[in-house]
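Residue-level structural notes
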Amino acid sequence: MKRIAVLTSGGDCSGMNATVRAVVRAGLASGLEVIGIQKGFQGLIDRLYETMNTKSVSNVLQRGGTFLQSARCKEMRTEEGLRLACQNLKGMGVEGLVVIGGDGSLKGGYAIHTHGIPVIGIPASIDNDIPYTDVSLGVDTALNNIVRAVDNLKDTASSHDRAFIVETMGRNCGYLAVVAAIASGAEYSLIPEEPYDLEAICKELRKRYQEKRTNAIILVAEGAGKAEDIATQIKDRIGFETRVTVLGHYQRGGSPTVFDRMLGARFGQAAVESLMNNDAGTMAGLDGSEVVMTDLEKVTTSGIRPINPRFPKLADQLSA
Ligand code: F6P
């Protein structure tokens, strides 16, 4: 193997730059040429790429987002787009590709692999919905962003006897909301995985208000409903005044935590090693403290990663 390529695809997350850097530097250290594809699969189709050297990835480790840029590429889901992407990769002399992205990107990567170009996937999505890894790249930084925001909101909430309904991202997965609730001491986390009873929540909140608690935080995973709707439903029924904060894309940015930098470094190096050892068609994942490789076919056909069933109960018990 002489030449490999790397791309970041789908929604960006912190730690992508650390991972690209690891792929480039581990690749160069192994005697490979490394090409950086810009704008994800769209860049493969449009032939947007540059040859990387060690300096290409200087000073990117600490930056959020992705300097290679990313895109959600509809064309890649068509036969024609996939054919063009594979044709261009072959034209560039690429013998191995590292795809850093979420579930849709890993599916795209697997499709390329089945068309004869060895692919390694690296799970990167703040949603933590990708199976066969305890955690995906970007999750830890996003959680730290959410917890920092909730800490700040608590300051202002408790100055005014207010309840804040805070909407987190996560698509159909409640991981961000429930883990952030445990880590920030939020009173409730409403997640798509668990039914919730707004009537009962209102009753409890009223009681908290009567006990002279000064604030309440209700985290709502985007897959469980809109914060605005929840606020409309509970407004004037809980004693506390209500305010809404939708954290949105704020969660996805910012300098990666040490955890995400380490994950990127380890996943990136494992990807290069797996390509060189002819162990492609796999995704790097974290199993406990070890990086393990799992077949992309398995990863892309297993649905979303379930959240730890103990977490909702833990959040509930600790918020008493
Ligand atoms: O998958 C990551 C994610 O941030 C989701 O949590 C969210 O639903 C979605 O991407 C937002 O997508 P976009 O950046 O395209 O608005």
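For the structure, check the block above.
Numbering of residues starts from 1 in each chain and follows the order in which that chain's sequence is written. The model is predicted, so local features are restricted to residues of pLDDT at least 70 and side-chain atom pairs to those at 80 or more, both for listing and for counting; the totals for chains, interfaces and linings are taken over all residues. Here the side-chain values reflect all heavy atoms present in the structure, with hydrogen atoms and water set aside.

Points about the overall build of the protein
Selection rule: Numbered from the N terminus, helices here are DSSP runs of H or I no shorter than four residues, and strands are runs of E no shorter than two. Here the globule rule reads 2.2 Å times residues to the power 0.38, and the radius of gyration is calculated from C-alpha atoms. The cut-offs for exposure are 20% and 50% of the maximum accessible area for each residue type, with area from a 1.4 Å probe on protein chains only; residues under the lower value are buried, those over the upper are exposed, and the others partly exposed. A contact between two residues is defined here by any heavy atoms of the two lying within 4.5 Å. Calculation of accessible area relied on Shrake-Rupley with a 1.4 Å probe; when residues are assessed, cover is drawn exclusively from the protein chains displayed. The sign given to each residue is positive for Lys and Arg and negative for Asp and Glu; His and the chain ends receive no count. The location of each charge is read from NZ of Lys, CZ of Arg, CG of Asp or CD of Glu.
Each helix and strand in the protein was counted, giving eleven helices and eleven strands. Taken against the 2.2 N^0.38 rule, which gives 20 Å for 320 residues, the C-alpha radius of gyration of the protein at 21 Å falls within 12% of a compact globule. Taking the principal axes of the C-alpha coordinates as reference, the protein spans close to 70 × 35 × 35 Å. Within the protein, the fraction of its 320 residues that count as buried is 52%. When contacts within the protein are restricted to residue pairs at least 6 apart in sequence, long-range pairs at least 24 apart make up 76% of them. Entry remark: accessible area of the protein is about 14100 Å², with carbon and sulfur atoms responsible for 47%. Placing the 35 positive and 37 negative side-chain charges of the protein at their respective mean positions leaves the two points 3 Å apart.

What about the layout of surface pockets?
To be explicit about the condition: With a 1 Å grid laid over protein atoms only, a set of points is called a cavity when a 1.4 Å probe fits there but cannot get out and a pocket when it is open yet has protein on both sides within 12 Å along at least five of seven lines; lining residues have an atom within 4 Å of a point. Grid points are joined across faces, edges and corners, and a volume is the space filled by probe spheres set on the points. Think of it as three bins: nonpolar holds Ala, Val, Leu, Ile, Met, Phe, Trp, Tyr, Cys and Pro, charged holds Asp, Glu, Lys and Arg, and polar takes everything else, Gly as well. Domain boundaries shown here were taken from an automatic or database domain assignment.
There is about 630 Å³ of room inside the largest pocket. Gly 10, Arg 72, Asp 103, Gly 104 and Arg 171 are, among the 32 residues lining the largest pocket, the residues nearest its centre. At the level of secondary structure, the elements contributing two or more residues to the lining of the largest pocket comprise α3 (79-91) and α4 (103-114). With six residues, the single largest contributor to the lining of the largest pocket is α4. Among the residues making up the lining of the largest pocket, the classes are represented as ten nonpolar, eleven polar and eleven charged. The residues that make up the lining of the largest pocket include at least three from each of domain 1 (3-138 + 256-300) and domain 2 (142-253). Of the pockets and cavities examined, the second largest pocket occupies roughly 350 Å³. Residue assignment for the lining of the second largest pocket shows that the elements contributing at least two residues are α6 (175-184), β7 (188-190), α7 (198-210) and α11 (310-318).

Details of the sheet that holds strand β8 (residues 215-221)
Within a sheet, neighbouring strands are paired by backbone hydrogen bonds and run either parallel or antiparallel to one another. Our working rule: When DSSP locates at least two bridges between a pair of strands, those strands are taken to pair. Where helices are involved, their axes are fitted lines through C-alpha atoms of the stretch in contact, as for all axes, and angles between N-to-C directions lie from 0 to 180°.
The strand order β7-β8-β6-β9 describes an open sheet built from four strands, whose pairing is parallel. For this open sheet the edge positions go to β7 and β9 (241-246), each flanked by a neighbour on one side alone. Within this sheet the neighbouring strands show an average axis-to-axis angle of 20°, counted without direction. Contacts from α7 reach β7 and β8 within the one sheet, and its direction differs from that of β7 by about 165°.

Brief notes about the environment of Tyr 250
Along the chain, Tyr 250 turns up in the loop between β9 and α9 (258-276). With 48 residues separating them in the primary sequence, Tyr 250 and Lys 298 have C-alpha atoms 32 Å apart. Not counting the four nearest positions on each side in its chain, Tyr 250 is found in contact with Asn 145, Arg 148 and Ala 149.

Some words on α3
For clarity, the cut-off: Helix span is expected to be 1.5 Å times the residue number reduced by one. The arc in question is the one traced by the directions running from the helix axis out to the C-beta atoms.
Helix length check: α3, at 13 residues, gives a terminal C-alpha distance of 18 Å against a target of 18 Å (1.5 Å per residue), a fit within 8%. Listing the buried residues of α3 in full gives Gly 81, Leu 82, Ala 85, Cys 86, Asn 88 and Leu 89. Angularly, the buried residues of α3 cover 160° about the axis, an arc narrow enough to put them on a single face. Exposed positions of α3 whose direction lies more than 90 degrees from the buried face are Glu 79, Lys 90 and Gly 91. Where α3 is buried, its residues contact α2 (40-46), β4 (96-101) and α4.

Description of the packing of aromatic side chains
In plain terms, the rule: Pairing of aromatic rings covers Phe, Tyr and Trp, the last through its six-membered ring, and needs centres within 6.5 Å; plane angles under 30 degrees mean stacked, over 60 mean edge-to-face, and all others mean tilted.
This structure, assessed with the given rule, holds one aromatic pair. Consider the rings of Tyr 209 and Phe 240, whose centres lie 5.2 Å apart with planes at 70°: the pair is edge-to-face. Of the two residues, Tyr 209 sits in helix α7 while Phe 240 sits in the loop between α8 (227-234) and β9, which places them 31 residues apart along the sequence. Judged by relative accessible area, Tyr 209 falls into the partly exposed class, the value being 34%. According to the relative accessible area criterion, Phe 240 is buried, its value standing at 3%.

Considering the pattern of salt bridges
Counted only if it meets this: Salt bridge, as used here: a side-chain nitrogen of Lys or Arg that lies within 4 Å of a carboxyl oxygen of Asp or Glu.
The tally for this structure, following the rule as stated, stands at eleven salt bridges. The salt bridge involving Glu 241 is made with Arg 162; its shortest N-O contact spans 3.0 Å. With Glu 241 in strand β9 and Arg 162 in strand β6 (residues 162-168), the pair connects residues that are 79 residues apart, well separated along the chain. For Glu 241, a relative accessible area of 38% puts it in the partly exposed group. We note a salt bridge from Arg 208 to Glu 187, for which the minimum N-O separation is 3.1 Å. Of this pair, Arg 208 sits in helix α7 while Glu 187 sits in the loop between α6 and β7, and the two are 21 residues apart along the sequence. Taken as a pair, Arg 208 and Glu 187 share a single burial class, namely buried.

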